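Residue-level listing of the chains:
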Protein chains: 2
Amino acid sequence: MGNQLRKHIEEVVALSDDEYTFVLSHFSKEAFGKNDFLIQKRESVNHCYYVISGLLKLVYDDADGKKHITSFAMENWWESDFAAFFTQTEAQMSLQCIEETHVLSISLNNYNKLAANFPKMEYFFLKKSNAGHIASQRRILSFLTSSAKERYEQLLEQYPVLFQRVPKMLLASYLGVSRETLSRLSH
Amino acid sequence: MGNQLRKHIEEVVALSDDEYTFVLSHFSKEAFGKNDFLIQKRESVNHCYYVISGLLKLVYDDADGKKHITSFAMENWWESDFAAFFTQTEAQMSLQCIEETHVLSISLNNYNKLAANFPKMEYFFLKKSNAGHIASQRRILSFLTSSAKERYEQLLEQYPVLFQRVPKMLLASYLGVSRETLSRLSH
DNA sequence: TCATAATTGTGATGTTTGTCACGCAATAGT
DNA sequence: ACTATTGCGTGACAAACATCACAATTATGA
């Protein structure tokens, strides 16, 4: 329970009890209900979130009023509107619960303090950022090389659990196809 | 000349002369001719590159033998097959010169040493990685929200210099459209 | 429980984009 | 300078995908 974040961090760097207590003191535990917003577009983005349980969607509203899913965030994922968070500008996206969700949140101040004062966590954040960058490049590559059907099958293979937890219209949005097309692809 | 990397790093963190000398000692200067490969697919990826001058393309060959441009890298950009570099697995992409190119290269060992022994550079790498992650997310968003024509116009606005330095068939590949479609879009 | 809203499937049709084919211009190497 | 290669534009056609409309099903909340 209380040491889920510790296990997660220790996949990258080992921590003593005291070190983990110190790290944890930079976070706040928060709970959100289904459809609650963690980040609203046009508001300031004060936190980055570590998901303990539940499921989030990061949504961009385009000029035509259509909603596009930039990403999902499940257990042990880190999520925020990172562009807005790191540069302290207003949110261009919203972060909303698909399910009731428990998170640990960290402010930019505390993120910077932790990185500056505790090299192990700076190393951890660097590893996570590199991994996120690599994952984004893989997704870009799937847009360049694959048809909608192929992207659907890749998602099904990589994150089968999403198909049980997320309405298909949201998966369509994440894949960049209409819900009608996705429906026809699935058989 | 010799302090281009220093200026680049000092956009993020200040360095003393001695510190810069120390940093620079982790890099090697290399020169490549047009069409030379810095990384060949299926080979090991031993270096990450900082571009001093010139222009590179990061290319993925798909199962049908088609080539897709994952990204370009110009002056002051960092490039590698990061997935292969960080995990020391074989390259899934190739990195090739579009123009004669001068780089500073750093091995993974030296990258890790620098990050571990010199907090300012770990901070710099973290900032760069976060920026790269954010740029990738913006590109994903352009695939989700924009037509080929809109992506073309966004690229023209963001990197007009590419249109003078890169054949349009490569721009088409970067944008994820056929060269014929790009040709028809441009007027 | 019942009414309402959200989600899904499917047909008909239109738009966007890819593919094939061809000719021409520009470039690079000898 | 000449030739081979590479890059570019465009027509004709095919494939992929979006959009609109409507019905059916499944969740949700008072």
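Scroll up for the structure.
Residues numbered from 1 in each chain as written. Chains lettered and ligands numbered in written order. Predicted model: local features only at pLDDT ≥ 70, side-chain atom pairs only at ≥ 80, totals over all residues. Heavy atoms only, no water.

## Details of the sheet that holds strand β3 (residues 47-53) of chain A
Residue and element names in this part refer to chain A. Going by this rule: A pair of strands is treated as paired once DSSP finds two or more bridges between them. Helix numbers and strand numbers start at the N terminus; a helix is a DSSP run of H or I with at least 4 residues, a strand a run of E with at least 2.
The four strands are arranged β1-β8-β3-β6 in an open sheet whose pairing can be described as antiparallel. In this open sheet, the two strands that pair with only one neighbour each are β1 (27-32) and β6 (78-79). In terms of strand pairing, β1 meets strand β8 (residues 101-107) through six bridges, oriented antiparallel. Within β8, the position partnered with Phe 27 by the bridge is Ile 106.

## Examining the protein's contact with DNA strand C
How we decide: Summary of the distance rule: residues count as near a molecule or strand when at least one heavy atom falls within 4 Å of that molecule or strand. Here a polar contact is recorded for every N or O atom pair within 3.5 Å, except that within protein the pair must consist of a potential hydrogen donor and a potential acceptor, and residues adjacent in sequence are included only if both atoms are side-chain atoms. Lys, Arg, Asp and Glu make up the charged group, whereas Ala, Val, Leu, Ile, Met, Phe, Trp, Tyr, Cys and Pro make up the nonpolar group; the residues left over, Gly among them, are polar.
Around DNA strand C sit 19 residues, and of these Lys 168, Met 169, Arg 179 and Arg 184 of chain A together with Thr 181 of chain B come closest. In DNA strand C, atoms within 4 Å of the protein come 45% from sugar and phosphate. In this structure, a base oxygen belonging to DNA strand C sits 2.7 Å away from a side-chain N or O atom of Arg 179 of chain A. Of all the secondary-structure elements, those providing two or more residues to the surface near DNA strand C are α8 (168-175) and α9 (179-185) of chain A together with α9 (179-185) of chain B. Broken down by class, the residue content of the surface near DNA strand C amounts to four nonpolar, six polar and nine charged.

## Quick word on the protein's contact with DNA strand D
Neighbouring DNA strand D are 19 residues, the closest being Lys 34, Ala 148 and Thr 181 of chain A together with Arg 179 and Arg 184 of chain B. Sugar and phosphate atoms form 42% of the subset of DNA strand D atoms that lie within 4 Å of the protein. Note that a phosphate oxygen of DNA strand D is positioned 3.0 Å from one of the backbone N or O atoms of Ala 148 of chain A. Met 169 of chain B is positioned with one of its backbone polar atoms (N or O) 3.0 Å from a phosphate oxygen of DNA strand D. Going through the elements one at a time, α9 of chain A together with α8 (168-175) and α9 of chain B are the ones with two or more residues in the surface near DNA strand D.

## Description of the relation of the copies chain A and chain B
Definition in use: The copies are overlaid by a least-squares fit using only the C-alpha atoms of residues whose pLDDT is at least 70 in both copies. By definition in these notes, contact holds between two residues if any of their heavy atoms fall within 4.5 Å.
Once chain A has been moved 0.0 Å along the axis and rotated by 180°, it coincides with chain B to within an RMSD of 0.0 Å. Viewed as a symmetry operation, the transformation between the two copies matches a two-fold axis. The rotation axis passes nearest to the C-alpha of His 133 of chain A in chain A, at a distance of 2.2 Å. Both copies present the same face, since 100% of the interface residues in chain A are matched by interface residues at the equivalent positions in chain B.

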